[in-house]
Amino acid sequence: MLDVRRFRTEPEAVRAGLVRRGEDPSTVDEVVALDAESRRVSAQRDAVRAEVRALSNEVGSLFREERNEEAAELQEQSRLLGAEEKGLDARVDELAAELRHRLLRIPNLPADDAPDGGGEADNVVVRVEQYDPDAYDEHQRVPHWDTAEQLGLLDVERAVKLSGSMFVMYRGAGAALVRALCQLAIDRNVDLYEEVRPPTLVRTDTMVATGHLPKFVDEAYHMERDDLWAVPTAEVPLTSLGRDEILDEAALPRRFVAHTSCFRREAGSAGKDTRGLLRVHEFDKVELLAYCMPEQAPDLHAEILARAEGTIRDLGLAYRILDLCAGDLGASAARTFDIEVYAPGADRWLEVSSVSWFSDYQARRANLRYRPAAGKGTEVLHTLNGSALAVPRVWAAIVECYRRPDGRIDVPELLRPYLRGLEVLG
RNA sequence: GGAGGGAUGGCAGAGCGGACGAAUGCGACGGUCUUGAAAACCGUUGGGCCCUCACGGGUCCCGUGGGUUCGAAUCCCACUCCCUCCGCCA
């Protein structure tokens, strides 16, 4: 959520930011008007209320002095004011709710240095690593869904029997590989990041804090009976972990790493990327997330990117880094770098991590604050996050890249300790 | 799931219709004293919103939402959460 104050103090900047995203900037005027009206009415309400309080105190002391008639007179006066106050109060609530409703649906402003552009095609390729299009042999040009089914590592057919399309089941060494990848990603980050295992069913507030609600209701699984939502990423519980808390400056930055299942309905993407592991409803992911002061954010953004990238690099996969343009940024993000791995079998670049800086957008929704060591009062934190490792696509890229001429899969060096020394899958 | 009890400031804990943003204790911070520290003493010590360059002022917040009242932490209703006991259970 953007700070309403920005709408009053720099409406042009807000408008410009929304335009860069391709959003309709007319909401800015609506918010400005609502905000002005809301403050006007609440000031009025406060004044009336102050008078009622003063009168009531007066009534109290008059009764104590047994000057009952005078008291009764003031009582009547206060009653009338009370009625007026009630009306104003209702109006204040109404305006506040309306304002919040608007603000919750307005996306974050892109960072100044995020590239311009309207969509995917305008994203800037920052660099490409470990990729040589001519280096792949025929045996690596087999899609993972074929290889993995043949080797018994993946059982999509039975997963569909259990849960429907876009659910998958890993089996044997394939299941072990999932576990190995998660543990690898956690182990590489616990030096600095606190390991957390959060709940994966969360309340509505928790989903609202990260920006997944109300805008993206259709993307989320909802348990109606208990009014709980299945998290689409550990970002959701980790962001709310500190909700409504005030941290000391000395405690910052706070860093967390969490492995969770992630659930996504993938509404609107029916028929797209449906083969194998390209897009699934439920998957494992290890997420990195940090709370920090604004001035710490650039360094942390670089740090999280470096860590996510390091794991992919050390797994020996080809990848590239994209700087997302304003028009392609997620609603809550101010700046995002995507990491995409190259899958030679599917012959596609697969997004495996989105490393985002959310400025104070999520923190304001979550009411995440800190107390500066110097000065007084509280400030809103900044949040950042990125996938340390998202299993299905990395799993797929490994199966394709490391496929040997005999159709079996070499286990990347890095993962062998996590697979009891296993060198070949299948 | 059944039966009871509870929710107040950083923590502990009073208050149960009138001057209560809230006693008291602890903690924290500042000061006096001290070579330094401790002890003692004095003082300060929540957050949101609005107005103000500022000083300051107004208002809201005693789990949440509603109600009664001139006036609610205090009374009423609903909800949520927590604790204890019983049942069930990985």
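Residues numbered from 1 in each chain as written. Chains lettered and ligands numbered in written order. Predicted model: local features only at pLDDT ≥ 70, side-chain atom pairs only at ≥ 80, totals over all residues. Heavy atoms only, no water.

Asker: So what exactly am I meant to see when it comes to the protein's contact with RNA strand B here?
Answerer: Taken together, 21 residues lie around RNA strand B, and Arg39, Arg64, Ser78, Arg79 and Thr378 are the ones closest in. Contacts to RNA strand B include Arg39, whose side-chain N or O atom sits 2.4 Å from a phosphate oxygen. Contact distances for RNA strand B include 3.1 Å between a sugar or linking oxygen and a side-chain N or O atom of Arg369. At the level of elements, helix 1 (4-9), helix 3 (26-64), helix 4 (68-104) and strand 12 (369-371) are the ones that each hand at least two residues to the surface near RNA strand B. Here the surface near RNA strand B gets 11 residues from one element, more than from any other, and that element is helix 3. By residue class, the composition of the surface near RNA strand B is 3 nonpolar, 6 polar and 12 charged. (Near = heavy atom within 4 Å. Polar contact = N/O pair within 3.5 Å; in protein donor to acceptor, adjacent residues only side chain to side chain. Helix = DSSP H or I, 4+ residues; strand = E, 2+ residues; numbered from the N terminus. Nonpolar A, V, L, I, M, F, W, Y, C, P; charged D, E, K, R; others polar.)

Asker: Looking at this structure, I do not really get the nonpolar core. What am I missing?
Answerer: One recurring pattern in soluble globular proteins is that nonpolar side chains are buried together. Leu181, Leu315, Leu317, Val394, Trp395 and Leu415 are the most contacted members of the largest nonpolar core, which totals 62 residues. Once residues within four sequence positions are removed from consideration, Leu315 is found in contact with Leu181, Leu184, Leu389, Val394, Ile398, Tyr402, Pro412, Leu414 and Leu415. Val48, Val52, Leu99 and Leu213 belong to the second-largest nonpolar core, a separate cluster that totals 34 residues. (Core = buried A, V, L, I, M, F, W, Y, C linked by side-chain atoms within 4.5 Å. Buried < 20%, exposed > 50% of the residue type's maximum accessible area, 1.4 Å probe, protein only. Contact = heavy atoms within 4.5 Å.)

Asker: Looking at this structure, I do not really get helix 3. What am I missing?
Answerer: Since the α-helix packs 3.6 residues into each turn, any two residues three or four apart lie on the same face. With 39 residues, helix 3 extends 58 Å from end C-alpha to end C-alpha; this agrees with the ideal 57 Å at 1.5 Å per step. Glu66, located one to two residues past helix 3, shows a positive phi value of around 60°. (Expected span 1.5 Å × (residues − 1).)

Asker: Sorry, what's going on with the packing of aromatic side chains here?
Answerer: The description of an aromatic ring pair uses the distance of the two centres, along with the angle that the planes make with each other. Inspection of every chain in the model, using the stated rule, returns 7 aromatic pairs. Summarising the aromatic geometry, the rings of Tyr131 and Trp349 are spaced 4.9 Å apart at their centres and angled 65° between planes, so their arrangement reads as edge-to-face. One end of the pair, Tyr131, is in the loop between strand 1 (124-129) and helix 5 (144-150); the other, Trp349, is in strand 11 (residues 348-357), and 218 residues separate them in sequence. Between Tyr136 and Tyr342, the aromatic rings sit 5.3 Å apart at their centres with planes inclined by 50°, giving tilted as the arrangement. Pair noted here: Tyr136 is in the loop between strand 1 and helix 5 and Tyr342 is in strand 10 (residues 335-343), with a separation of 206 residues, a long-range link. The buried category is assigned to Tyr136, whose relative accessible area is 15%. An aromatic cluster is built from Tyr131, Tyr136, Tyr342 and Trp349, whose rings are joined through pairwise contacts. (Phe/Tyr/Trp six-rings, centres within 6.5 Å; stacked < 30°, edge-to-face > 60°.)

Asker: It is not clear to me how the sheet that holds strand 13 (residues 379-380) should be interpreted in this structure. Could you clarify?
Answerer: Sheet strands pair via backbone hydrogen bonds, and the direction of the pair is either parallel or antiparallel. The strand order 6-12-13 describes an open sheet built from 3 strands, whose pairing is mixed. One side of each edge strand has no neighbouring strand; the edge strands of this open sheet are strand 6 (246-248) and strand 13. (Pairing = 2+ DSSP bridges.)

Asker: Even after reading the chapter, I still don't get the sheet that holds strand 2 (residues 194-196), so can you show me in this structure?
Answerer: Strand order in the open sheet formed by 8 strands is 1-9-10-11-14-8-7-2, and the pairing between neighbours is mixed. At either margin of the open sheet sits one strand with a lone partner, and together these are strand 1 and strand 2. Mean inter-strand twist for the sheet, computed between neighbouring axes without regard to direction, equals 25°. Strand direction decides the pairing type here: strand 11 and strand 14 (residues 382-390), joined by 2 bridges, are antiparallel. Opposite Ser356, over in strand 14, you have Asn385 as the bridge partner. Running at roughly 0° to strand 14, helix 10 (residues 297-314) makes contact with strand 1, strand 7 (254-263), strand 8 (282-292), strand 9 (319-323), strand 10, strand 11 and strand 14 of the sheet. In the packing of helix 12 (residues 391-401) onto the sheet, contacts are made with strand 8, strand 10, strand 11 and strand 14, and the angle to strand 14 comes to roughly 35°. (Axes fitted to C-alpha atoms, helices over the stretch in contact; angles between N-to-C directions.)

Asker: Which parts of the structure should I look at to understand the domain arrangement of chain A?
Answerer: Once the domains are mapped, chain A shows domain 1 (4-104) and domain 2 (120-425). Relative placement of domain 1 and domain 2: their C-alpha centres are 44 Å apart. At the junction of the two partners, domain 1 supplies 5 residues and domain 2 supplies 11 residues. For the pair domain 1 and domain 2, the summed buried surface comes to about 610 Å²; carbon and sulfur atoms form 42% of the total. Taken as a group, Arg20, Arg21 and Leu104 account for 83% of the area that domain 1 buries against domain 2, more than any other trio of residues on that side. At the surface where domain 1 touches domain 2, the tally comes to 0 salt bridges. There are 5 residue pairs in polar contact (both at pLDDT 80 or more) connecting domain 1 and domain 2. Put simply, the parts of the chain that give the side of domain 1 that touches domain 2 at least two residues each are helix 2 (11-21) and helix 4. By residue class, the composition of the side of domain 1 that touches domain 2 is 1 nonpolar, no polar and 4 charged. (Domains from an automatic or database assignment. Buried area = accessible area lost by both parts, 1.4 Å probe. Salt bridge = Lys/Arg side-chain N within 4 Å of Asp/Glu carboxyl O.)

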